[in-house]
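A structural walkthrough
What follows is the residue order along each chain.
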Amino acid sequence: MPELPEVETTVRKLKPLIVGKRILNLSGKKILNIERKGKAILICLSGGKILGFHQRMSGKLLIVPHGTRDKHIRRTFCLSGLPPHLSDRCGGGDLVFHDVRKFGVVWYGDSKKVLGDPYFKTLGKDALEISLRDFRKLFKTKYITPLIPLTLRGTKIKSFLLNQKNLAGVGNIVADEVLWRAKIHPEREVRSLSGLEVRNLWKSIKFILNRSIKSGGTTMRDWLHPEGTRGAYFEKRFIYDREGEPCRRCRAGIIRKKISGRSGYFCPRCQKI
């Protein structure tokens, strides 16, 4: 947390506010673009520089009046010419990286150096953009030969989805929601999935990600939109954090279980192992 929907929401909201502005305390570098790569936010600057952020557990990017003080603000970037409702009386304002738990990462430097970080070099295809053909390739050995590669033998599908080297952007909330919609138990082995199940899984990933983005992502504790508003997906979620509640599809009680060190939620009737 934040996962792909929260990062995508942040990028979409920041883009019309900051592109074209200058970061005064970064030698006046002009903001040329802002984009998402996996769960990271990349602000492309003049001079071939990139300012990047990974929000990790509790980080968020906020637009605040110039000079705002808060003990959890880890980095402050003074911007030129923000709209009056987002700036102080002088027409300025700050983009701040607010991170209560201090796990977040900030990159700055030449684009080649930033994108050469191990996080970016090992990212898989983006979960929001991946085609069905490329998604099937993640499981391709299963359909070409009965010899499953060692990396997939015994691998549980939820662990597979959470591995950013396989698919970039999926986190714990999205994984549980996706697997529920696809009717796949989170502890199913990857090699046990049929071609039809792989297709349904791909469709479910697209559906859940777009549904969450449309709702502005999930706010549970720390994460907020850049202007300080909350995401609404938590109130619309299907199964995540609903232990003991009836499944919305079959009414069986939702189960919570530790899977690969993370809390997982699933329906024992809809998602049979």
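Residues numbered from 1 in each chain as written. Predicted model: local features only at pLDDT ≥ 70, side-chain atom pairs only at ≥ 80, totals over all residues. Heavy atoms only, no water.

As a further point, take the overall build of the chain. Looking only at helices and strands, the chain has 8 helices and 12 strands in total. Rg of the C-alpha trace for the chain: 20 Å, near the compact-globule value of 19 Å for 273 residues, within the 12% margin. In terms of principal-axis extent, the alpha carbons of the chain reach across some 60 × 40 × 25 Å. Among the 273 residues that make up the chain, the fraction classed as buried is 52%. (Helix = DSSP H or I, 4+ residues; strand = E, 2+ residues; numbered from the N terminus. Rg over C-alpha atoms; globule rule 2.2 N^0.38 Å. Buried < 20%, exposed > 50% of the residue type's maximum accessible area, 1.4 Å probe, protein only.)

So, on to the pairing of strand 5 (residues 59-64). The element strand 5 is largely enclosed, with a buried count of 6 among its 6 residues. Bridge analysis of strand 5 against strand 7 (residues 93-99) gives 6 bridges, and the strand direction is antiparallel. Note that in strand 7 the partner of Ile63 across the bridge is Leu95. (Pairing = 2+ DSSP bridges.)

We now examine a positive patch on the surface. Positive charge collects at one region of the surface, where Arg181, Lys183, Arg199, Lys203 and Arg249 lie side by side. Among the structural elements, Lys183 can be located in the loop between helix 7 (172-182) and helix 8 (195-214). (Patch = residues over 30% accessible without salt bridge, like charges linked within 9 Å, V, L, I, M, F, W, Y side chains within 5 Å. Areas by Shrake-Rupley, 256 points an atom, 1.4 Å probe, with all protein chains shown as cover. Salt bridge = Lys/Arg side-chain N within 4 Å of Asp/Glu carboxyl O. Lys, Arg positive; Asp, Glu negative; His and termini not counted. Charge placed at Lys NZ, Arg CZ, Asp CG, Glu CD.)

Our next topic: helix 8. Side chains that are three or four residues apart share a direction in an α-helix, a result of its 3.6 residues per turn. For helix 8, which comprises 20 residues, the first-to-last C-alpha distance of 29 Å matches the rise-based estimate of 28 Å (1.5 Å per residue) to within 8%. The first or second residue beyond helix 8 is Gly216, which carries a positive phi of 80 degrees. (Expected span 1.5 Å × (residues − 1).)

Take the pairing of strand 2 (residues 29-37) next. Looking at chain direction, strand 1 (residues 22-23) and strand 2 are connected through 2 bridges and run antiparallel. The partner of Ile23 across the bridge, within strand 2, is Lys29. Counting the residues that bridge the hairpin from strand 1 to strand 2 gives 5 residues, and of these Ser27 lies at a positive phi of roughly 60 degrees. Pairing geometry for strand 2 and strand 3 (residues 40-45), over 6 bridges, is antiparallel.

For Ile205, the position within the fold is in helix 8. You can call Ile205 buried: its relative accessible area is 2%. As a C-alpha pair, Ile205 and Arg181 span 24 residues in sequence and 8.9 Å in three-dimensional space. Ignoring any residue separated from it by four or fewer positions in sequence, one finds Ile205 in contact with Ala127, Phe135, Leu161, Leu167 and Val178. (Contact = heavy atoms within 4.5 Å.)

In this section: unusual backbone geometry. Located in the positive-phi region is Arg56, a residue other than glycine, with phi close to 50 degrees. Positive phi is not limited to glycine here, since Arg251 has a value of about 75 degrees. Checked against the element boundaries, Arg251 lands in the loop between helix 8 and strand 11 (255-259). Take Arg251: its relative accessible area is 58%, and that puts it in the exposed class.

Two elements in contact, helix 1 (residues 4-18) and helix 8, have axes whose closest approach is 9 Å; the angle formed by their N-to-C orientations is 45 degrees. Relative to helix 8, the element helix 1 lies oblique. Pair helix 1 / helix 8 crosses with right-handed handedness. Contacts between helix 1 and helix 8 pair Leu4, Pro5, Glu6, Glu8, Thr9 and Arg12 from the former with Leu209, Ser212 and Ile213 from the latter. Looking at the contact of helix 1 with helix 8, its residues break down into 4 nonpolar, 2 polar and 3 charged. (Axes fitted to C-alpha atoms, helices over the stretch in contact; angles between N-to-C directions. Parallel < 35°, antiparallel > 145°, perpendicular 65-115°, else oblique. Left-handed = near helix turned anticlockwise from the far one by under 90°. Nonpolar A, V, L, I, M, F, W, Y, C, P; charged D, E, K, R; others polar.)

What follows is about the pattern of salt bridges. Tallied over the entire structure, the rule returns 13 salt bridges. Of the charged contacts, one joins Asp126 and Arg36 as a salt bridge, the two residues approaching to 2.5 Å between their closest N and O atoms. Of this pair, Asp126 sits in strand 9 (residues 125-126) while Arg36 sits in strand 2, placing them 90 residues apart in sequence. Per residue, the accessibility class of Asp126 equals that of Arg36, and both read buried. Residue Arg242 pairs with Glu245 through a salt bridge whose shortest N-O separation is 2.9 Å. Given a relative accessible area of 10%, Arg242 falls into the buried group.

Right, let's talk about the packing of helix 7 against helix 8 for a bit. Between helix 7 and helix 8, whose axes approach to 8 Å, the crossing angle comes to 130 degrees. The orientation of helix 7 with respect to helix 8, classified from their angle, is oblique. The handedness of the crossing between helix 7 and helix 8 is right-handed. Here helix 7 contributes Val174, Glu177, Val178, Leu179, Arg181 and Ala182 to the contact with helix 8, which in turn contributes Asn200, Leu201, Lys203, Ser204, Ile205, Phe207, Ile208 and Leu209. For the contact of helix 7 with helix 8, a count of residues per class yields 9 nonpolar, 2 polar and 3 charged.

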